[in-house]
Amino acid sequence: METKDILNLIALIVIPIAAVLIGRWLQDRSEKRKDKMQIFKVLMTSRIYGWTPDSVNALNIIDVVFSDDKKVRAAWKDLNEKYHVTNPDQQQLKKIELAQYKLLDAIANALGYKNKITWETIQNPYMPDGMARQIEAQKNMQQAYFNALDGVSRIVQNQGKPPKENP
């Protein structure tokens, strides 16, 4: 067998294997980017609503999807620590909001959007006035519903008990 034949045989074996490996690597890379982009989109859209089931799910998989990005994971760790404050006051709520924005900024940079998605863009989500009024009305209705349920619950609990006498 000549050297040329051996090289052709090696090429016939190596090139398809290399093509499969490169294709797989590109596909894995594309899937990881899609996962990262999905997290970013969910967190960007949920910043006007607060927590949603999708945003909580997105936050919970950051450590997996961004396992190779220390800056994103550090921003998530900082935000997660701020979320664990019981009964946060206004100052703590502002710190939480800032940490949320920093996480979005870190994810945007990781996705290659540095200088394209600005800090101002992250801090100023769009919400039409009608939607804001609708969300506020829904919150008020829920509060009224809870107050009514609480009142009914107290009435039921007090039934059968003698009325309290004033001294």
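Residues numbered from 1 in each chain as written. Predicted model: local features only at pLDDT ≥ 70, side-chain atom pairs only at ≥ 80, totals over all residues. Heavy atoms only, no water.

Draft legend 1. Expanded view of the environment of E31. By the secondary structure assignment, E31 is in helix α1 (residues 3-46). Between the C-alpha atoms of E31 and I13, which are 18 residues apart in sequence, the distance is 28 Å. (Helix = DSSP H or I, 4+ residues; strand = E, 2+ residues; numbered from the N terminus.)

Draft legend 2. Highlighting the nonpolar core. One finds F40, L43, I62, L103 and I107 to be the most contacted residues of the largest nonpolar core, which totals 27 residues. Looking at this core, the elements with two or more residues in it are α1, α2 (53-60), α3 (62-65), α4 (70-83) and α5 (90-110). It is α5 that contributes the most residues to this core, 8 residues altogether. For I62, the residues in contact, after removing those within four places along its chain, are I39, L43, S67, V72, W76 and L103. (Core = buried A, V, L, I, M, F, W, Y, C linked by side-chain atoms within 4.5 Å. Buried < 20%, exposed > 50% of the residue type's maximum accessible area, 1.4 Å probe, protein only. Contact = heavy atoms within 4.5 Å.)

Draft legend 3. Spotlight on α2. Every buried residue of α2 is accounted for by S55, A58 and L59. Taken around the axis of α2, the buried residues stretch over an arc of 100 degrees, which confines them to a single face. Summarising the geometry of α2, the exposed residues directed more than 90 degrees from the buried face are P53, D54 and N60. Looking at the buried residues of α2, the elements they touch are α1, α3, α4 and α5. (Arc of directions from axis to C-beta.)

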